[in-house]
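# Structural overview
Spelled out from the first residue to the last, the chains are:
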Amino acid sequence: MNKYIFLKLKIILHGIIQKKITIKKLWNTFVCFFSYFFKLKLSGRTPILVSVDLWNECNENCVFCRSSKGEIYNLNKSNNDEFKFISKGKLELQTFKNIVNEICDTSIMIIPYINGEPLMYKDIYSAINYANNKKLLTLIASNGILLNERNSEKLITSGLDFLKVHTSGFSNEIHSIQHRKGNAEKIYENLKRFTFLKKKFNSKVILMLDYILYNHNKHELQLAKKFADENEILFNIRPGNPYGMEGTENTQPAKDMKKQACDWPWKAVSINWDGSVIPCCEYVVWKGASPHKNYSEQNLFNTWNGSSYIEFRNEHKNNGRVNLEVCKDCPRQGLGFKF
């Protein structure tokens, strides 16, 4: 099952050892938690973590996320006829660096991807290296297809702190049911090589295999776990998204959290490839939902504790998620790693 509490503790310890977590950052984290607990209008100076979508392109075409042509589904049903798919685009590397410069003194982590395969972005290694030099923890989630020897070495030497690689099976036949262009054989081969290179470079990067569990792949779960154990890789299980597979997969049981305020408005923020400042990763696949000013119009610090965020926090405080289309059916709570 998910071991997010264990992971958080491991990441914090890793951050302390790497001298990326300071008293100033811990204080900002405390203020963010304190502000959420009392539902204050303002939060810390910066979010605890920031996710940035450098490029929303992907090379797996997963059933729940994209069409067979790789078009990203728009989950906003109110305008789905007019805007069936989400636009694609890239964020300039300099914009990412500007964000890093703003948050590096007080935030703990930056995640340089949201809705794409991060290794497709040619400057991903420069982005990670820049954040690493600015003493920010970095995390990416990859499908592992492009995790060849050259890219693995570049990830390790860039100073990446945490790499998650997902699979939906142990064999190509099963994995490709969900990931149309996936290649389980290559992914596991790449993971094995990555662990070898990690030891070769004496790297402390945390590596985790994320098994996305469905009815159709549960019989291969133990094979994946055995592989992770044999290669000293952290192993995690998370429920799969049944969207597009409703005929064969059970709908995920979702806890009704409509009346409960989410903690993300006080703790984290996402920035889309077009500069849209959004509350979380769900907003990148919900066309027309961008409640805050574009990053190019206003810096992140002023947006984070500006009027739009105050209004957004007050809505969560007073009404929970009921009136927010993107949020009302979301079952998530806490800074768990959906990524």
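In what follows, the structure referred to is the one given above.
The present account deals with the structure reproduced in this document. (Residues numbered from 1 in each chain as written. Predicted model: local features only at pLDDT ≥ 70, side-chain atom pairs only at ≥ 80, totals over all residues. Heavy atoms only, no water.)

### Observations regarding the overall build of the protein chain
Helices and strands together make up the secondary structure of the protein chain, namely 11 helices and 10 strands. Its C-alpha atoms give the protein chain a radius of gyration of 19 Å, near enough to 20 Å, the size a compact globule of 339 residues would have. Along the first, second and third principal axes, the C-alpha set of the protein chain runs to 50 × 45 × 35 Å. Buried residues in the protein chain amount to 56% of all 339 residues. Long-range pairs, those at least 24 residues apart, make up 71% of the contacts in the protein chain between residues at least 6 apart in sequence. For the protein chain, the exposed area adds up to about 15,800 Å²; of that, 54% sits on carbon and sulfur atoms. Taking the average place of the 48 positive charges on the side chains of the protein chain and the average place of its 33 negative ones, the gap between the two points comes to 6 Å. (Helix = DSSP H or I, 4+ residues; strand = E, 2+ residues; numbered from the N terminus. Rg over C-alpha atoms; globule rule 2.2 N^0.38 Å. Buried < 20%, exposed > 50% of the residue type's maximum accessible area, 1.4 Å probe, protein only. Contact = heavy atoms within 4.5 Å. Areas by Shrake-Rupley, 256 points an atom, 1.4 Å probe, with all protein chains shown as cover. Lys, Arg positive; Asp, Glu negative; His and termini not counted. Charge placed at Lys NZ, Arg CZ, Asp CG, Glu CD.)

### As for helix 4 (residues 124–133)
For helix 4, the full list of buried residues reads I124, Y125, A127, I128, A131 and N132. Looking straight down helix 4, one finds that the buried residues subtend no more than 160° of arc, so they occupy a single side. Check the buried side of helix 4 and you find it contacts helix 3 (93–103), strand 4 (109–111), strand 5 (137–142) and helix 5 (149–158). One or two positions beyond helix 4, positive phi appears at K135, with a value near 65°. (Arc of directions from axis to C-beta.)

### Details of the packing of helix 4 against helix 5
Two elements in contact, helix 4 and helix 5, have axes separated by 8 Å at closest approach and are oriented at 15°. Judged on the interaxial angle alone, helix 5 and helix 4 are roughly parallel. Every pair of crossing elements has a handedness; the one defined by helix 4 and helix 5 is right-handed. From helix 4, Y125, I128, N129 and N132 reach across to helix 5, where they touch N151, K154, L155, T157 and S158. Among the residues making up the contact of helix 4 with helix 5, the classes are represented as three nonpolar, five polar and one charged. (Axes fitted to C-alpha atoms, helices over the stretch in contact; angles between N-to-C directions. Parallel < 35°, antiparallel > 145°, perpendicular 65-115°, else oblique. Left-handed = near helix turned anticlockwise from the far one by under 90°. Nonpolar A, V, L, I, M, F, W, Y, C, P; charged D, E, K, R; others polar.)

### A word on helix 7 (residues 184–200)
Look at helix 7: 24 Å from first C-alpha to last across 17 residues, which is about the 24 Å you get at 1.5 Å a residue. Taken residue by residue, helix 7 has A184, I187, Y188, N190, L191, F194, T195 and L197 as its buried positions. Looking at the buried residues of helix 7, the elements they touch are helix 5, strand 6 (162–167), helix 6 (172–178), strand 7 (206–213) and helix 8 (221–230). The first or second residue beyond helix 7 is N202, which carries a positive phi of 50°. (Expected span 1.5 Å × (residues − 1).)

### Here we look at the sheet that holds strand 10 (residues 277–278)
Pairing is mixed in the open sheet, where eight strands are placed in the order 8-7-6-5-4-1-9-10. Across the chains shown, the open sheet's two edge strands, defined by having one partner strand only, are strand 8 (234–239) and strand 10. Together, strand 6 and strand 7 form the strand contacts of helix 7, whose direction differs from that of strand 7 by roughly 160°. (Pairing = 2+ DSSP bridges.)

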